[in-house]
Amino acid sequence: MTERESGGARVEMPLAELPAWQAFAEAAGQADRRGGTLRVLQAAGLSLDLSTQAQSPALRAAGLALLVARDFDDWRSRLLQGSAVNGTEQRAAWHTALRAEEPPGMAAAKVRDEQDRLRAFVRHLDAEGRFDSVVHIGIGGSDWGPKLVVAALGYAGTRREMRFVANIDGHAIEAGLLGLDPHRTLVVVSSKSFTTVETMSNAQRALQWLREAGIAEPWAQVVAVTANPEAARGMGVAPERIFRFWEWAGGRYSVWSSIGLPIALALGAEALDGLRQGAAAMDEHFATAPPENNMPVQMALTGLVNRNVYGYASLNIAPYDARLMHLVPYLQQLEMESLGKSVDRAGRPVSLPTGPVVWGMPGTDGQHTFFQWLHQGPEGAPVDFIICRDADHPFPEHHRLLVANCLAQREALLKGKSAQTLQAELAAKEPDAARAAWLARHKAHPGGRPSSLIVLPRLNAHALGALLALYEHKVFVQGVLWGINPFDQWGVEYGKILATGIAAELTSGRLAEGHDASTAYWVAQWENGGV
Ligand SMILES: O=P(O)(O)OC[C@H]1O[C@H](O)[C@H](O)[C@@H](O)[C@@H]1O
């Protein structure tokens, strides 16, 4: 295998065999897990409190040694310089270039041109006032970013009515178009590849909707955002309404590119600029802060402790902000598509488990669904709590209660409550000692459950951009530590291929060879007219 094929790095030792890993794991095993020391990092306006994660001076030192052993500095430079860090697809992952104040190198002119074109287009639409609603059609990385940002920053209203349609389920496009005036609706089709079946099918349906309304030039109402402009042109979109991005911007890292168009349409181009500026501030921190104070680096190391030393198979995300309702799926794609890998860069089976399952929902809703499991289930999971110091609504008591709940959940997870303490408390009210002991065992909390707290000053475009970039870089560092390529997604590709085959069988009515018994049964059911 050449260096280029492995992503440009020399073939590394499996992580588990690395002496620096063994020292790290040993230090983690002995670290304080009871929140003994306050540890808060600052970057790009965000604070990250790691006090309630495992920590010790020895663990911190071992973390630094592990980064050196994994050539972290070199990998970071290669990422930020736009080298081909995505080995299997032989391309860069240069999302940082999309948000840099001065886009670097070869990318500079085209990135700036495209940003200017997009701004001018939005200005033109604003001046023209022709469209008061937007149907955005895209999926995965071409959906979650804009949807997340528009919900987060546009909670109190948007300049236009925004509908996001992703799923191939016909109910999604039906609901997306319902009640809109086709004459006043702009259709934005976003797809990096411009081949994704969900997006292409939904786009055709939207076009049909425009035509059915008697619109003579439906293409004049269609915009495409893609890294494959030829395909968009081939479909019929006019070149002046095609906004580009490039192969080197991964789908789940693309919100910084023209994929951000719906953000500008909903909230103004300033929102997209602010988002990029916040991310660029985090990039600067990631590039320059010493590793011991580097927020994404320390978050990544913490994640390895939880995943590989303490054996937590999942990571819970608890944004204590109702506006961040799409953050969990956004991070699920970012983390699980990037880190759900079983072979290292050299193609060998990984020596340790990689990315955890990512799950969650905004607090306090989560407290009334799954927090019981977090507190008293035998496994538990580390939690990333996210909250804003200041709210944007005029109800201070609500914010006080929100903050109190967030802090209380963390403290309960950390401190727990022992059966002995509970038994002593219960003894006062419960004369039957055996019953008090029995009840105490049900009420006991183990504690020692790790969490992080991320505090945003308030939920504006800058802070949100910094938050998303923080997770991006954390994921990258974890990829480096695990020795995997976080920028490909072959698992998704395989599912797409099988779906295409089965769709063709359903159309032709001819069952192909080689299915398992259950798939063959259900394909036959639909072939015969449905179930
Ligand atoms: O933007 P598109 O080419 O339509 O792709 C949309 C999505 O497709 C798949 O799910 C990929 O795994 C994602 O990374 C991508 O974001």
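Criteria and thresholds
Residues numbered from 1 in each chain as written. Predicted model: local features only at pLDDT ≥ 70, side-chain atom pairs only at ≥ 80, totals over all residues. Near = placed C-beta within 6 Å. Nonpolar A, V, L, I, M, F, W, Y, C, P; charged D, E, K, R; others polar. Domains from an automatic or database assignment. Core = buried A, V, L, I, M, F, W, Y, C linked by C-beta atoms within 7 Å. Buried ≥ 20, exposed ≤ 12 C-beta atoms within 10 Å, placed from the backbone. Contact = placed C-beta atoms within 7 Å. Pairing = 2+ DSSP bridges. Helix = DSSP H or I, 4+ residues; strand = E, 2+ residues; numbered from the N terminus. Axes fitted to C-alpha atoms, helices over the stretch in contact; angles between N-to-C directions. Parallel < 35°, antiparallel > 145°, perpendicular 65-115°, else oblique. Left-handed = near helix turned anticlockwise from the far one by under 90°.

Digging into the site of the ligand
And then number 1: Close to the ligand lie 14 residues, the nearest being G140, G141, S191, T196 and G251.
And then number 2: Split by residue class, the shell around the ligand holds two nonpolar, nine polar and three charged.

Examining the domain arrangement of the protein
And then number 1: Taken domain by domain, the protein holds domain 1 (23-69 + 289-415 + 449-482), domain 2 (101-273) and domain 3 (497-527).
And then number 2: Taking only C-alpha atoms into account, the centre of domain 1 sits 42 Å from that of domain 3.

Focus on the nonpolar core
And then number 1: Ranked by internal contacts, the top residues of the largest apolar core, which has 135 residues, are L46, L464 and A466.
And then number 2: Those residues in contact with L464 that sit more than four places away from it in its chain are V149, A152, L153, L275, G278 and L459.

Some remarks on the sheet that holds strand 6 (residues 222-226)
And then number 1: Judged by pairing direction, the sheet is parallel, and its five strands sit side by side in the order 4-3-5-6-7 without closing on themselves. A strand with exactly one partner marks an edge of an open sheet, and here the two such strands are strand 4 (161-165) and strand 7 (242-244). The sheet shows a mean angle of 20° between the axes of neighbouring strands, taken without regard to direction.
And then number 2: Note: strand 3 (residues 133-137) against strand 5 (residues 185-190), five bridges, orientation parallel. Residue pairing across strands places S133 opposite T185, the latter belonging to strand 5.

Quick look at the environment of H95
And then number 1: Tracing the backbone through its elements, the reader meets H95 in helix 4 (residues 95-99).
And then number 2: The exposure class of H95 is buried, given the 25 C-beta atoms found within 10 Å.
And then number 3: In this structure, the C-alpha to C-alpha distance between H95 and S257, residues 162 residues apart in sequence, is 8.0 Å.
And then number 4: Beyond its immediate sequence surroundings of up to four residues, H95 is in contact with A249, G250, Y253, W256 and E472.

Some thoughts on the packing of helix 13 (residues 327-339) against helix 18 (residues 461-482)
And then number 1: Remark: helix 13 packs on helix 18, axes separated minimally by 10 Å, with the N-to-C direction vectors making an angle of 15°. Considering their axes alone, helix 13 and helix 18 lie roughly parallel with respect to each other. The two elements helix 13 and helix 18 cross, and the hand of that crossing is right-handed. Each of L331, L334, E335, S338 and L339 in helix 13 lies in contact with helix 18, whose residues at this interface are Y471, E472, V475, Q478 and G479.
And then number 2: Counted by class, the contact of helix 13 with helix 18 contains five nonpolar, three polar and two charged residues.

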